[in-house]
Amino acid sequence: LSLFGLSVVYYASKTIRFWYILRLLGIRANPKTVALLYISGQPFSILPAGELYRTVLLKKHLGIRISQSSPSVTIQGLVEAIVLLSLSLIGAVLIGQNILLVTVVGLLLLLAIIALQRGWLQKTYSLIDKLPYISINQRKFQTFIESHRELLAPKSLFVLVMFSLIPVLAGVATLYLASKAVGFDIGLIPAMIGYSLPVILSGLSFLPGGLGVSEGGTIGMLQLFGATAAGAVTITLLVRIFTLITGLLYGIIAQIILHTRGKIA
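Residues numbered from 1 in each chain as written. Predicted model: local features only at pLDDT ≥ 70, side-chain atom pairs only at ≥ 80, totals over all residues. Heavy atoms only, no water.

(A) Fine view of helix H2 (residues 31-40). For H2, a buried count of seven out of 10 residues is recorded, marking the element as mostly surrounded by other parts of the structure. Every buried residue of H2 is listed here: Thr33, Val34, Leu36, Leu37, Tyr38, Ile39 and Ser40. Summarising the contacts, the buried residues of H2 are in contact with helix H1 (2-24), helix H3 (42-45), helix H4 (52-62), helix H6 (71-95) and helix H13 (229-261). Capping the start of H2, asparagine 30 holds a side-chain oxygen 2.8 Å from the backbone nitrogen of lysine 32, two or three residues further along. (Buried < 20%, exposed > 50% of the residue type's maximum accessible area, 1.4 Å probe, protein only. Helix = DSSP H or I, 4+ residues; strand = E, 2+ residues; numbered from the N terminus. Contact = heavy atoms within 4.5 Å. Polar contact = N/O pair within 3.5 Å; in protein donor to acceptor, adjacent residues only side chain to side chain.)

(B) Fine view of the environment of leucine 244. Of note, leucine 244 is situated in helix H13. Sequence separation between leucine 244 and tyrosine 11 is 233 residues; the distance between their C-alpha atoms is 9.8 Å.

(C) Structural detail: the packing of aromatic side chains. In the structure shown here, the tally under the stated rule is five aromatic pairs. Ring geometry for tyrosine 10 versus tyrosine 11: centroids 4.9 Å apart, planes at 80°, classification edge-to-face. Residue tyrosine 11 is classed as buried on the basis of its relative accessible area, which comes to 3%. (Phe/Tyr/Trp six-rings, centres within 6.5 Å; stacked < 30°, edge-to-face > 60°.)

(D) A look at the side chain of glutamine 76. Assignment of secondary structure puts glutamine 76 in helix H6. Contact partners of glutamine 76, with chain neighbours within four places excluded, come to Arg17, Phe18, Ile21, Tyr38 and Glu51.

(E) Representation of the pattern of salt bridges within the structure. All told, the structure shown has four salt bridges when counted by the stated rule. The partner of glutamate 51 in a salt bridge is arginine 54, and the shortest N-O contact between them spans 2.6 Å. Judged by its relative accessible area of 21%, glutamate 51 is partly exposed. The residue lysine 180 makes a salt bridge to aspartate 185 at a minimum N-O spacing of 2.2 Å. We classify lysine 180 as partly exposed; its relative accessible area is 36%. Since its relative accessible area comes to 62%, aspartate 185 is described here as exposed. Taken together, the shared-partner salt bridges in this structure form one network comprising Lys14, Arg17 and Glu80. (Salt bridge = Lys/Arg side-chain N within 4 Å of Asp/Glu carboxyl O.)

(F) Main features of the environment of leucine 248. Topologically, leucine 248 is positioned in helix H13. Between the C-alpha atom of leucine 248 and that of isoleucine 39, which follows or precedes it by 209 residues, the distance is 8.7 Å. In contact with leucine 248, not counting residues within four places along its chain, are Gln42, Pro43 and Ile46.

(G) Geometry of the confidence of the model for the chain. For the chain, per-residue confidence averages 83 on the pLDDT scale, and residues scoring 70 or more make up 84% of the total. When mean pLDDT is compared element by element in the chain, H1 scores highest at 94, while helix H8 (residues 125-129) scores lowest at 58. (pLDDT = per-residue confidence, 0-100.)

(H) A look at a nonpolar patch on the surface. Side chains of Val233, Leu237, Ile241, Ile245, Leu249, Ile252 and Ile256 sit close together on the surface and give an oily, nonpolar patch of about 600 Å² of accessible area. Within the secondary structure layout, leucine 249 lies in helix H13. Using a relative accessible area of 48% as the deciding quantity, one classes leucine 249 as partly exposed. (Patch = residues over 30% accessible without salt bridge, like charges linked within 9 Å, V, L, I, M, F, W, Y side chains within 5 Å. Areas by Shrake-Rupley, 256 points an atom, 1.4 Å probe, with all protein chains shown as cover.)

(I) Representation of the packing of H1 against H13 within the structure. Packing of H1 against H13 leaves a shortest axis separation of 10 Å and a crossing angle of 70°. Overall, the two elements H1 and H13 adopt an arrangement that is roughly perpendicular. In the crossing of H1 with H13, the sense of the turn from one axis to the other is right-handed. Along the contact surface, H1 presents Leu3, Phe4, Ser7, Val8, Tyr10 and Tyr11, while H13 presents Phe242, Thr243, Leu244, Thr246, Gly247 and Tyr250. In terms of residue class, the contact of H1 with H13 is made up of eight nonpolar, four polar and no charged. (Axes fitted to C-alpha atoms, helices over the stretch in contact; angles between N-to-C directions. Parallel < 35°, antiparallel > 145°, perpendicular 65-115°, else oblique. Left-handed = near helix turned anticlockwise from the far one by under 90°. Nonpolar A, V, L, I, M, F, W, Y, C, P; charged D, E, K, R; others polar.)

If you want it as structure tokens, here you go:
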């Protein structure tokens, strides 16, 4: 029941963050409607570029242009990565391992955020437009970059990071409780890095749901902290069930509600 409760907190906080991002983008919508659309997109969001499906749902049901809502796709990953990397770096420094890896990834993320905040990426349009099979409207591209500058303004960024802290801490608590459930006495710091670092690595893999990379990383970290092979596998499965599988189930239920109601605008 505790793990299920954390799963609810995990997805509820992500949903609230999505609603707040839409408000920052000037999109005013009923919170219940936004929640239904966000959760219904969860089964597809684990696929590469699957987050874009939520922008399609917003257009279909609320008439919101994809170009207007598309910044929500990248900004969610950016702010969550900030929290994950922060926890990973704190944990890595305290246990004295993986410091270089986390620092390098963190610097790359920081560079991307600064580039978006200062509008440097607007200058990349001419390069992107020259790529084969890619045609991007210059005005829409500039609007996309400008929206990120507004979302990453200090005040907005702080609120979004706070929203992102909740699901990440829920994930850490899930790993912590799962470890306790199988008799492995893991500390808070190992739980922080044992959850956050594999999630970062799985995101960099671009595999659906980080399958394989996330599990292998979590199992490896748990064994590094002293868990048995069987215990590490069990803990990892519990974490994936309550941070991924439950999301798929919530999404299927939301999809059924959507198809039952038809267009909800």
